[in-house]
Amino acid sequence: MALAYPRKIDLAQTPTPLQHLERASAIWGRGHRLWVKRDDLTGSTLSGNKVRKLEFIAAHAIDNGCDTLITCGGLQSNHCRATAFVGAQLGLNVHLLLRGEPPSNADGNLFLNYLAGAKVSCYPLKQYLSDIDQLFGKWQEHYAAQGGKALAIPTGGSDGIGVWGYIAACEELREDFYAAGIEQAHIVTATGSGGTQTGLTLGAALHDLPATVWGVNVCDDAQYFVDKVASDKEEWEQRYPGVPAVKVQARVLDGYVGHGYGVADETVFATIAELGRLEGLVLDPVYTGKAFVGMVTEIAAGRFKNCRDIVFVHTGGIFGVFPQRAGFDGILDANNALLGHS
Ligand SMILES: *Cc1c(COP(=O)(O)O)cnc(C)c1O
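### As for the domain arrangement of the protein chain
The figure often quoted for interface size is the accessible area lost as the parts come together.
Logical step 1: As far as domains go, the protein chain holds domain 1 (18–45 + 160–338) and domain 2 (50–157).
Logical step 2: Look at where the C-alpha atoms of domain 1 and domain 2 centre, and you get two points 25 Å apart.
Logical step 3: With 23 residues of domain 1 at the contact, the number on the domain 2 side is 19 residues.
Logical step 4: Together, the buried faces of domain 1 and domain 2 total about 1800 Å²; carbon and sulfur atoms form 59% of this surface.
Logical step 5: When the buried area of domain 1 at its contact with domain 2 is split by residue, Thr45, Ile161 and Phe319 rank highest and sum to 31% of it.
Logical step 6: Taken together, domain 1 and domain 2 are joined by three salt bridges.
Logical step 7: Residue Arg325 is joined to Asp107 by a salt bridge in which the shortest nitrogen-to-oxygen separation is 2.9 Å.
Logical step 8: The tally of links between domain 1 and domain 2 comes to four residue pairs in polar contact (both at pLDDT 80 or more).
Logical step 9: It is helix α6 (residues 164–180) that contributes the most residues to the side of domain 1 that touches domain 2, five residues altogether.
Logical step 10: Tallied by class, residues from the side of domain 1 that touches domain 2 come to nine nonpolar, nine polar and five charged.

What counts, and where the lines are drawn
- Residues numbered from 1 in each chain as written.
- Predicted model: local features only at pLDDT ≥ 70, side-chain atom pairs only at ≥ 80, totals over all residues.
- Heavy atoms only, no water.
- Domains from an automatic or database assignment.
- Contact = heavy atoms within 4.5 Å.
- Buried area = accessible area lost by both parts, 1.4 Å probe.
- Salt bridge = Lys/Arg side-chain N within 4 Å of Asp/Glu carboxyl O.
- Polar contact = N/O pair within 3.5 Å; in protein donor to acceptor, adjacent residues only side chain to side chain.
- Helix = DSSP H or I, 4+ residues; strand = E, 2+ residues; numbered from the N terminus.
- Nonpolar A, V, L, I, M, F, W, Y, C, P; charged D, E, K, R; others polar.

Written out as structure tokens, the structure reads:
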């Protein structure tokens, strides 16, 4: 289908590879072929899914005369880190509004934000939750008063503009499927602010990708993401009145949040370590680790039994491993002879 994409700026290293996971398939596949779409390879500092959205968002910012990007998220937000580097690469100022008290030792994504020269403001959880809209407004006025113009980018870059990133990624996946001989697949992705899931779900319909898209939620619940996908799609349709009308249904694999957003249990850490040894892939405890555990649990329960191929979208997040290194205590000791314990 000839879709009229808005302008984007090439920032992501694409197309990313689609790789067959031979050893992981043998362990977890139960007859399925497991594949990984390596969106953790979209860049080094720009690693992960957010850069696909930011390609469109940054073009929108520049085309609208903005010199500053403001966005928000947790202290270890991958989206905020990616925005910080996109800004630095394009000569735009970046101001991050982060949720939580800053630790005395900045680690992972937070540390990288400083290297990218982003301005960082931290707000206590309660204030962040109640005031984030006003905070965006306040800082936009601040920059306007200085003669600048700041674009407010919502959580995760998940809005009507950002969803183009994964609509476009579905064109890539269609080529990948063809090259790999995949005729029909289930696609599994972590879902947090919903934009990746919205883009993939819409893109699969728009590009006739023979796939069913599933989001494993890492916060909130299934209903939240059904509503979020519907509202992201609605915003996309309102912004771009010429787009084709498609009907889509968001599918959510709920039950893998555990004790909350950003809090992983031992199964998640153990699975990250196992996949690292087995395939040389590093997942993260906030998003992809939980999504992978969700996928293999659902495979074992027979969720995908009508279809041979399952594609896991590796959405990145590697820098989130470092601040959570304590979660691997005991797990790595037990398996890593280099530590001298086995
Ligand atoms: C943000 C993020 C996700 C979730 O993507 P959304 O579009 O926000 O739902 C998944 N994985 C990683 C590593 C992320 O940083």
